[in-house]
Amino acid sequence: MYNYISELPESESPEGNTSSQPIKPEPGMDGELVDIADKRLCPRAVPRAEQEKYDATGFSLPVDGVARGQKCAITATRLRLVNKPFRSDDDMATSLTTNYSSSGQSQISSKQFSALWDAFLKHSNIGHKSVDWHLARPTMEASLTDHLLEASLHSCCFHLRPFAIFKDRISYFRNNLNRLDAASQAIVTILTSLGARASPHSALLGVAGPDIENGNSSLELVLSAGIRRENAWRAILERAVTLCSSLDILQTPTKRNVEILSAMTNALIFSEVRPDRSRFFHRNAIALYQDVERSNLPPEEATRLKTTLGAALYESDSRISAYAAVPFLIRDADLWDAWSGSGVVIPDLRRENLTTALDEILFPGLITRRKLDDALTLAGYYVCAVQRSHSALAAPRRSTRFLTEFEQHWSNIDHVHSSIQKLHRTLMGLDYTPAGSHDAHELQYDLLICVRLDVRIVDILNLSHVFLLGKRRELFGTPESQAVEALLVMSEFRVRKSLKLLAFYAKVFVDSLDKHVLYHLFTQLDVLPWVSLAVQRVGEPGGPISPEFEVSELELNWFVEGLKLACFYTPLASQRLRELEDGRAARNRRYFAAPEPTSLAPAYVPPQAAPPPPPPPSQQQPMYSGYDNMTVASGDYRPPSAQSTGSLGTYGNGAGSSNYYLPPMYGENVSYGGGQMGATPTSYTPPPGEDLRVSPGGLPAFEEHGLWTPAAQW
C-alpha cells in the first residue's frame, strides 16, 4: 500500500468544486467513474507503471472496489504520490501520526491533512484498523504489560526462586516500561509470560461472560478464552526467547545475564513435558554462572550470587535431568567448588529422615515466616535429591543396575512424599498468621508450593514407569526381561494410586487462589496415557485388580472439574476432557452391560444419595486423610491373568494388551466401608500366596470426601 497526501488547492477541492458537470474519463479509458468525494484515497498498492503515468497525467489511479483491470478518472483533485511504500493500515496510521509534531501542529497544510485523515477513516475504521486503536496502541501496550506484570506477582510460580529474585525490581520496570534496556526488556517479557498464563481476567483475553474465570460458564466461552490465552502466551514467550538469544546475554558473563537465563529456563520448563529448549538456556546459564563466580567479585556479591542463583540453577538442573532422563550438569564435585556456600543441601535419602528434620525446624514454639521458608527450602532439596536419584538410574543407556536399585528408589519417593504431606497438614492446621509474613495470603501460597512439591514427586513416579516401559522394549527376550516385568507390575500399582492422588490435587487447585496451576498439573501428566487408566474398572482386561487402585466416580468428577477449568488456561485440556468423558461413558456402558462380577472383580455400587452437610470447622478432619499412603508392599507378585498365561498377558504390548502402558500407584486407599462415606477403611485381601498389601500406618479411607470444604480452608 502507498501513502497518498493530497494537495488540495481551494479551487480544486471537492468542497470548492461547484461544477455540475460529470467527471469524464480520459480518452481511451474504460471503467466506471468514481467521485473523489466518495473515494479520496485509493488504498490499493499502485504499480510503478501506474505511478509514473499518474505523475504525468494527474489521474487514472486504481480505486478500491473497482474490478481488477479497470481504471477510473480522478480529476476533482490532484494527488501527489509520496515515494514511501506502505504495506498495511498500520503504516498509514503511522504516516498520519508522524505528520503531527509533538506540539500538535500539523507538518502539512490543514486541508492536506484533513483529506488524508478522512480517506483513512473511510478506508479502515473498525476494530484494530480504527484510528482510535492505532492512536491508543502505545498506551494499551503499556497498560497490558503493567497488568501482566501485576498478574505474575500474584501467581504461585513467581514465588519460586528463579522469579522471586526480581521482586524488588518490579516497581522500577512498571514505571519505566518505555525506557528499558535490552536486558530489562527480556526480564519484563519473561515475567509477562507468567502473567499471560496466570491472569484470571477473561476480559483481558477479549472474552467476557459470567464465571468464566471459575470455569462455571459454558465450555465454549471458557475454551475460547483458553485459545486466546494460548496464542498470546506463545507470542510473548517467543519474544522472550528471541531477546534471551541475543549474544549480549548468552555470551557476556554478568550476574544479571545469569538471572535472565535462569528465569528463561524455568519459564520454558513450565511449557515442556520433556525439557528441550529449556536445557539449551540452562547450559548457558551454568557456564555464565561459573565464569562470574570465578571473577573477582566482592565477598558480599559472591555470597549473594551463590545463595540466589546458585541454588536456583541447582534446582533447575535436578528437574531437567530427571524429566529429560539425561545426566545432570552440576556434578557433586561442583557443589564443593563453584556452588560452595550456596546453601544447597544434599541429603542422604537412605539414612536421613525429612520428617524429623522438618519437625526440628518448625518446633518447638510458634511457626514463623523464617521457619516456613526454611522448611519449604529443605523439602525442595529433598525433592531435588529424588530427581537426581531418578536421573542417575534413567540416564545411563546400557546399564542394568536399576534392576537392583528401583526398590530403594521407590522407598525414597514414599519417604519424601509422606514427609511433604505431613508438612502440608501442619500448615493446614495453623490458626494464626506466622510472624514475619507480609500479608495473610502468603500462607496460602506456601500451601500451593507444598502441593506442587508433592506433584513433582508424583512426576518422578510416573517418569520411572515410563523408563521401565522403555527398558521392557530394550531388554525384551533377554534374561533381564522377567525382572523388568516384575518391576512394571509394582510400578503399575503405584501409578494407579497416583491418579487418585492427582484427582484430589486437581480439586485442591480448583478451589485455590491460583487456579492456573491446573495447567502445570495436566501438562506434566501427559507423560502417561492417564485418561485410559483413569476410566478402567476392576475386572476389565488390563484394569485395576481391586477398588484400592480404581479411580472412583468422585475422583473422576474432580478430574472433569479440573479439566474444564484448565481449558481457561490452555486449549490442550479440552482434548483430555473429551477423552475422559468419552471413556467414562464407555466405562458406564460396560458396567451396566456386564453380567455379574467375578471373584476378582467385585460389583461396582454407583454413588447413592448425597452425603450429609459438613460439620462445623472444628470437627473437620485433615485434608489428606485418604491420600498419604503411596506404598505397595514389594514382592514378586504377578496378577492371576499374567500368571495363568505365562506371558506378558495384559501387562505388555503383546496381542492380549488392551493398553500399552501399565501404570503404577500412588495416592490412597479409597474404598468406602460401612456405607457410602464410611469411616472404616477397607482393603483388598489377595488370594493365598499373593503379597499385595497396603503398608501399615497408611491413611484412613479418606472419609472426609464429604466433610472437607476446600473453599473454606483456602
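Scroll up for the structure.
Fair warning: this is a prediction, and the values are worked out from it, not measured in the lab.

> I would appreciate a short explanation of the environment of Leu153 in the present structure.
Of note, Leu153 is situated in helix α4 (residues 131–153). A C-alpha to C-alpha distance of 9.4 Å links Leu153 and Phe163, two positions 10 residues apart in sequence. Setting aside its immediate chain neighbours within four residues, Leu153 contacts Phe158, His159, Ile170 and Arg174.

> I'm lost on the nonpolar core in this one. Help?
Across soluble globular proteins, you tend to see nonpolar side chains buried next to one another. Of all hydrophobic cores here, the largest spans 153 residues; its most connected members are Met264 and Phe522. In this structure Met264 touches Ile190, Leu237, Ala240, Val241, Cys244 and Phe281, once residues within four positions along its chain are discounted.

> Just to check I follow, could you spell out the packing of helix α16 (residues 402–428) against helix α17 (residues 442–474) for this structure?
What describes two packed helices is the angle between their axes and the distance between those same axes. It is the contact of α16 with α17, at a shortest axis distance of 10 Å, that shows an interaxial angle of 165°. Comparing their axes, α17 and α16 come out roughly antiparallel. Considering how the two elements wind past one another, α16 and α17 form a crossing that is left-handed.

> Whenever I open this one, helix α18 (residues 481–510) confuses me. Can you help?
Each α-helix winds once per 3.6 residues, and so residues spaced three or four apart point in a common direction. Under the 1.5 Å per step criterion, the end-to-end length of α18 is 42 Å for 30 residues, consistent within 8% with the ideal 44 Å. Counted residue by residue, α18 has 28 buried out of 30 residues, so it is predominantly covered.

> Honestly, the environment of Arg350 in this entry has me stumped. Any pointers?
The topology assignment puts Arg350 in the loop between α13 (332–335) and α14 (354–362). Residues Arg350 and His409 lie 59 residues apart in sequence; the distance between their C-alpha atoms is 9.7 Å.

> Would you explain the packing of aromatic side chains in this entry?
Working definition: an aromatic ring pair is given by the centre-to-centre distance plus the angle between the planes. Following the criterion strictly, the structure yields 16 aromatic pairs and no others. Plain terms: the ring middles of Phe402 and Phe467 are 5.2 Å apart, the flat faces sit at 80° to each other, and that makes the pair edge-to-face. Placement of Phe402 in helix α16 and of Phe467 in helix α17 is noted, with a sequence separation of 65 residues between them. Here Arg197 stacks its cationic end above the ring of Tyr519, 3.9 Å away from the centre of that ring. Taking the ring centre of Phe328 as reference, the NZ or CZ of Arg388 above it sits at 3.9 Å.

> Mind showing me how you'd approach the pattern of salt bridges here?
Between side chains of opposite charge, pairing is possible as soon as their charged atoms come close. For the structure on display, the rule yields 34 salt bridges. A salt bridge links Arg161 to Glu315; the shortest N-O distance between them is 3.3 Å. Of the two residues, Arg161 is situated in helix α5 (residues 161–164) and Glu315 in helix α12 (residues 299–324); the sequence distance between them amounts to 154 residues. Assessed through its relative accessible area of 22%, Glu315 is described here as partly exposed. In this structure, Asp348 engages Arg351 in a salt bridge whose closest nitrogen and oxygen atoms are separated by 2.9 Å. In this structure Asp348 comes out as partly exposed when scored by relative accessible area, which is 27%. Note on Arg351: relative accessible area 69%, which makes it exposed. Look at the salt bridges and you will find they share partners, linking Arg369, Asp373, Glu442 and Asp446 into a network.

> Got a minute to help me understand α14 in this structure?
Of all the positions in α14, only Leu354, Thr355, Ala357, Leu358 and Leu362 are classed as buried. Seen along its axis, α14 keeps its buried residues to an arc of 160°; they face one direction. Summarising the contacts, the buried residues of α14 are in contact with α15 (369–394) and α16. Two to three positions downstream of the cap, the backbone nitrogen of Thr355 sits 2.9 Å from a side-chain oxygen, assigning the N-cap of α14 to Asn353.

Cut-offs used in this document
- Residues numbered from 1 in each chain as written.
- Predicted model: local features only at pLDDT ≥ 70, side-chain atom pairs only at ≥ 80, totals over all residues.
- Heavy atoms only, no water.
- Helix = DSSP H or I, 4+ residues; strand = E, 2+ residues; numbered from the N terminus.
- Contact = heavy atoms within 4.5 Å.
- Core = buried A, V, L, I, M, F, W, Y, C linked by side-chain atoms within 4.5 Å.
- Buried < 20%, exposed > 50% of the residue type's maximum accessible area, 1.4 Å probe, protein only.
- Axes fitted to C-alpha atoms, helices over the stretch in contact; angles between N-to-C directions.
- Parallel < 35°, antiparallel > 145°, perpendicular 65-115°, else oblique.
- Left-handed = near helix turned anticlockwise from the far one by under 90°.
- Expected span 1.5 Å × (residues − 1).
- Phe/Tyr/Trp six-rings, centres within 6.5 Å; stacked < 30°, edge-to-face > 60°.
- Lys NZ or Arg CZ within 6 Å of the ring centre and 35° of its normal.
- Salt bridge = Lys/Arg side-chain N within 4 Å of Asp/Glu carboxyl O.
- Arc of directions from axis to C-beta.
- Polar contact = N/O pair within 3.5 Å; in protein donor to acceptor, adjacent residues only side chain to side chain.

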